[in-house]
Amino acid sequence: MTKNFSQTAAFIWSVADLLRGDFKQSQYGRIILPFTLLRRLECVLSETKAAVVVESQRIADMGLPEEAQEKFIIRASKRPFYNTSPMDLSKMGQSDIKDNLNTYVQSFSKDAREIFEHFKFEEFVGQLADANLLYKVVQKFATTDLSPEAISNHEMGFVFEELIRRFAESSNETAGEHFTPRDIVRLTTSLVFMEDDDALTKDGIIRTIYDPTAGTGGFLSSGMEYVLELNPDAVMRTYGQELNPESYAICKADMLIKGQEVNNIKLGNTLSSDQLVAEKFDYMLSNPPFGVDWKKISGEIKDEHEQKGFDGRFGAGLPRVSDGSLLFLMHLISKMRPITDNAKDADNSSNQGSRIGIILNGSPLFTGGAGSGESEIRRYILEADLLEAIIALPTDMFYNTGIATYVWVLSNKKAPERKGHVQLIDGSNLYGKMRKSLGSKRNEMSDDDIKTIIRSFGDFEVVDARVLDKPEEVKSNRGRQSANPKAEPAKTFASKIFATYEFGYRRITIERPLRLSAQLSDDAIETLRYASKPFDMVMPALYEAFGSEWTADSYGDLLAVTLEARAMIKSDFSELKEKQIKDVLDAKLWQDQLEIMNKAKALQTAIGEHQFDDFNEFEKVLKQALKDADVNLDAKEKKQLMDAITWKNPEAEPVIKKAIKVESPLYGAFSYKPTASNQKADKPAKIVEFQTDSDLRDYENVPLNPEVTTTELIESYFAREVQPHVPDAWINGDKTDAIDEEVGIVGFEIPFNRHFYVYEPPRPLAEIDADLDAVSTEIMQLLGEVHS
């Protein structure tokens, strides 16, 4: 923006001097922006003002609906908007200025009038009148020349953007909700448009640009600016949707000032209510909110996902409800123009695909394991070969957050050399410190920083980490300084290129056999006196306190001590609910447990207290003992008994699940012959499957390799990386991918930082020891001074 634009914006913003004291700093923009718009519209309409007034008076008595009246008046206005009032800002007078101004605004056409309503203009006019400032503010704007002759639409757009920037900076606490810093906008816009520079310079070019989180319209304005610099005769049509009414009003006003069709700017939640549902676009730019949950609209999102699938926007999957960033990305992908051969659409724009630039935090890169919604979305994007590049930005770049952020560039019309590949660019050190922080924004990218990234992206080449010519960070000199301070790592820039499949892996489930020992010991049987959770702690306490008084006939009877027992439970076991308290005070629970314990003692008499390290053999012995002792155990009783008398023992024999016919050790079908001493030496081996031990279950992520089959991929990995360390392990062949139905679940992640990590060796121990010695010496000197 040139100095003239800055001077005009500064002059307009000087109205803030009038507002100071009566209004908060964060309110200045809510007054200055609508007044600027009002004055600009007034100047633009002045040429046809008289004709519009005459025409409106002519049709006023015809009883036509508003839409029909608008068509007549727009014809007289020769603009897509109008004002039917004979007044203007210079004719408001002083005595009735509030009513006159409100009437004047209500005389605008519907789209323009709606903008002022979302600014809550009438409310602020009332506040200005109460502060006796309204006349002064109106006079200030009435004498400001914002006519098309003095400043073109394109130039006025710059002025308005400068005012928006000042507004955002004056209200740091909310700036990030509707305003993306200009340096980030320039970078993202250039990344998206630069691949089409040749096409955009052709005569008669018509292109569309869309932002589903339009905010104040920064991305839309930047896209228009980029194209018009290349080709002043190009036609750019802007589309957008914004949730915040005030931001929506600013965006719509900005587009109106620049001569755009403002009915293409919509108000509402893009994810739950897409108001441009049938539209496709050439270019899309977005900075969606970071880490905002979508719980309130989860019903609409899930319905679309389940009912429409890939015919809707969210067929690939749904991210966790705590972060909706990837929903915006899928929404943008659904708006891509399809690739067609030499086809022309209605606005003479070749249907040759689309390009997307979206700013996301780090979470969408790696959150969610194989099979999760996030992983499936990344899988869809990478397998469809839509991702061109991801650029890491410096931290502290945004007004309301200092976290790491990334620009994703996507396209369905990749250049031949980019097909099947993704470029990762580490621009995290390309920044300079701002002289004054704006909220959380402490860093900014210079034009040279932006050009470095653009050049690397355009060249599509690997750039090994090279040191940047950047000043060292200024460190605080407070406190004790190390005699051998650790050297700061050099600020570097790098670019790497990967095949899309290199971000994928197949997660296989590794199982190991359950190995149990069993013993009907006295201690184990005694634990059966008490029920399992949630009663396993409270029952021993009650038994110790009151059980000594019980007889065979009164076992478990707590009626006589109910109040005392209840008080103890409330004091020491407050986590128990009322129903659970009633159950534990009921004698039936105690008698049921006593019956289980007595059954175990009967089994102990039949089996003895011998420890079995082969659970398969123990099951046979137990089955015979139940029959001999005439003991019956229901499923619940048997489970409690097993929990009491068995434990996991890595030295025990594996527990057999079932016998099968075909041996396949890699997938859990083993030829097995027990090693226990009581087995006959000549007994033949059986082919069996073992029970799995869930505590030993593990997962391995096997990198994808399209040059080999899935079977070869996972079996060779298992034999190389798993089997030498745990010979009794196997691959769970039942865990298969939902899409390709092969063993293992496919996952995708983009571990950006891992690819650019540079190892920094720790300081030598001698240096650390020297620092410690120096500190110790200083402490002893200080102590000596204190004692002396």
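Heads up: the structure comes first, above all this text.
The following refers to the structure shown.

The rules behind each value
Residues numbered from 1 in each chain as written. Predicted model: local features only at pLDDT ≥ 70, side-chain atom pairs only at ≥ 80, totals over all residues. Heavy atoms only, no water. Helix = DSSP H or I, 4+ residues; strand = E, 2+ residues; numbered from the N terminus. Rg over C-alpha atoms; globule rule 2.2 N^0.38 Å. Buried < 20%, exposed > 50% of the residue type's maximum accessible area, 1.4 Å probe, protein only. Contact = heavy atoms within 4.5 Å. Areas by Shrake-Rupley, 256 points an atom, 1.4 Å probe, with all protein chains shown as cover. Lys, Arg positive; Asp, Glu negative; His and termini not counted. Charge placed at Lys NZ, Arg CZ, Asp CG, Glu CD. Salt bridge = Lys/Arg side-chain N within 4 Å of Asp/Glu carboxyl O. Pairing = 2+ DSSP bridges. Axes fitted to C-alpha atoms, helices over the stretch in contact; angles between N-to-C directions. Core = buried A, V, L, I, M, F, W, Y, C linked by side-chain atoms within 4.5 Å. Patch = residues over 30% accessible without salt bridge, like charges linked within 9 Å, V, L, I, M, F, W, Y side chains within 5 Å. Polar contact = N/O pair within 3.5 Å; in protein donor to acceptor, adjacent residues only side chain to side chain. Phe/Tyr/Trp six-rings, centres within 6.5 Å; stacked < 30°, edge-to-face > 60°. Lys NZ or Arg CZ within 6 Å of the ring centre and 35° of its normal.

1. Regarding the overall build of the chain
Logical step 1: Regarding its fold elements, the chain presents 30 helices and 23 strands.
Logical step 2: Taking 788 residues into account, the globule formula puts the C-alpha radius of gyration at 28 Å, and the chain, at 37 Å, lies well above it.
Logical step 3: Each principal axis of the C-alpha distribution contributes one length, and for the chain these read about 110 × 90 × 70 Å.
Logical step 4: Sorting the 788 residues of the chain into buried and exposed places 49% on the buried side.
Logical step 5: Long-range pairs, those at least 24 residues apart, make up 77% of the contacts in the chain between residues at least 6 apart in sequence.
Logical step 6: Here the chain displays about 39,700 Å² of accessible surface, and carbon together with sulfur accounts for 49% of that area.
Logical step 7: Computing the positive centroid from 94 side-chain charges and the negative centroid from 127, the chain places the two 3 Å apart.

2. Some remarks on the pattern of salt bridges
Logical step 1: A full pass over the atoms with the stated rule returns 38 salt bridges.
Logical step 2: Salt-bridge contacts for R529 lead to E526; the nearest nitrogen and oxygen are separated by 2.8 Å.
Logical step 3: Measuring nitrogen to oxygen at the nearest pair gives 3.3 Å for the salt bridge that ties K599 to E637. Taken together, the residues K599 in helix α25 (residues 587–607) and E637 in helix α27 (residues 635–645) connect sequence positions 38 residues apart. Assigned by exposure class, K599 and E637 land together as buried.
Logical step 4: Each member of the salt-bridge network shares a partner with another, and the members are E376, R379, E383 and D737.

3. Observations regarding the sheet that holds strand β19 (residues 670–672)
Logical step 1: Taken in spatial order, the 3 strands line up as β18-β20-β19 in an open sheet, and their pairing is antiparallel. Of all the strands in the sheet, just β18 (656–659) and β19 have a single pairing partner and so form its edges. Shown here is a sheet whose adjacent strand axes are inclined to one another by a mean of 55°, direction ignored.
Logical step 2: Bridge count between β19 and strand β20 (residues 686–690): 3 bridges; the pairing is antiparallel. Bridging from a neighbouring strand, F670 pairs with V688 of β20.

4. Thoughts on the nonpolar core
Logical step 1: Counting residues in each nonpolar core, the largest one holds 95 residues, and the members touching the most others are F35, L38, L101 and F193.
Logical step 2: In terms of residue count, helix α3 (residues 28–45) provides more of this core than any other element does, 11 residues in total.
Logical step 3: With residues near it in sequence (within four places) discarded, L38 still touches L89, L101, Y104, V105, F108, F116 and F121.
Logical step 4: The next biggest cluster of nonpolar side chains, apart from the first, holds 45 residues, and it includes A316, L332, I377 and L386.

5. Observations concerning the sheet that holds strand β3 (residues 265–267)
Logical step 1: Spatial strand order, β3-β2-β1-β4-β7-β9-β8-β10-β14-β13: 10 strands in an open sheet with mixed pairing. One side of each edge strand has no neighbouring strand; the edge strands of this open sheet are β3 and β13 (463–467). Neighbouring strand axes in the sheet, compared pairwise and without regard to direction, differ in orientation by 15° on average.
Logical step 2: Where strand β8 (residues 387–392) meets strand β9 (residues 405–411), 5 bridges bridge the pair, whose relative direction is antiparallel. Within the sheet, the bridge partner assigned to A389 lies in β9 and is V409.

6. Digging into a nonpolar patch on the surface
Logical step 1: A cluster of nonpolar side chains, V775, I779, M780 and L783, forms an exposed patch at the surface whose accessible area comes to about 340 Å².
Logical step 2: Inspection of the secondary structure puts V775 in helix α30 (residues 765–787).
Logical step 3: Residue classification places V775 among the partly exposed residues on the basis of a relative accessible area of 31%.

7. Let's talk about the environment of Y717
Logical step 1: Structurally, Y717 is set in helix α28 (residues 710–722).
Logical step 2: By relative accessible area, Y717 is classed as buried at 12%.
Logical step 3: Each C-alpha atom of the pair Y717 and V702 lies 7.0 Å from the other, and the pair is 15 residues apart in sequence.
Logical step 4: At a separation of 2.7 Å, a polar atom in the side chain of Y717 contacts the side chain of E700.

8. Some points on helix α19 (residues 373–383)
Three or four residues apart is the spacing at which side chains of an α-helix point the same way, because the helix has 3.6 residues per turn.
Logical step 1: The element α19 is largely enclosed, with a buried count of 9 among its 11 residues.
Logical step 2: Of the positions making up α19, those classed as buried are G373, E374, S375, E376, I377, R378, R379, I381 and L382.
Logical step 3: Lining the buried residues of α19 we find α17 (325–334), α18 (363–366), β8, β9, β10 (421–426) and β23 (745–748).
Logical step 4: At the C-terminal side of α19, D385 shows a positive phi close to 55°.

9. Side note on unusual backbone geometry
Logical step 1: For the bond from K533 to P534, the omega torsion is 10°, close enough to zero to count as cis.
Logical step 2: Positive phi values are uncommon outside glycine, yet D630 reaches one of about 55°.
Logical step 3: Note that D630 resides in the loop between α26 (615–628) and α27.
Logical step 4: Backbone geometry at E741 places phi at a positive 60°, although glycine is not the residue there.
Logical step 5: The topology assignment puts E741 in the loop between β22 (730–731) and β23.

10. What to know about the packing of aromatic side chains
Logical step 1: With the rule as written, the count across this model stands at 23 aromatic pairs.
Logical step 2: Between F108 and F116, the ring centres sit 5.7 Å apart and the planes meet at 25°, which makes this aromatic pair stacked. Just as F108 is buried, F116 falls in that class too.
Logical step 3: Where F290 meets F398, the ring centres are 5.7 Å apart and the plane angle is 80°; that geometry is what we call edge-to-face. Highlighted residues: F290 in the loop between β4 (283–286) and α16 (298–308) and F398 in the loop between β8 and β9, separated in sequence by 108 residues.
Logical step 4: Cluster of aromatic residues (ring-pair linked, three or more members): F35, Y104, F108, F116, F121 and F141.
Logical step 5: A cation sits over an aromatic face here: R418 above F457, 4.2 Å from the ring centre.
Logical step 6: The cationic tip of R507 hangs over the ring face of Y699; the distance from NZ or CZ to the ring centre is 5.1 Å.

11. What about the pairing of strand β11 (residues 432–438)?
Logical step 1: Across 3 bridges, β11 lies against strand β12 (residues 441–444) in antiparallel orientation. Bridge pairing in β12 links K433 to N443.
Logical step 2: Connecting the antiparallel pair β11 and β12 is a turn made up of 2 residues, with G439 showing a positive phi of about 65°.

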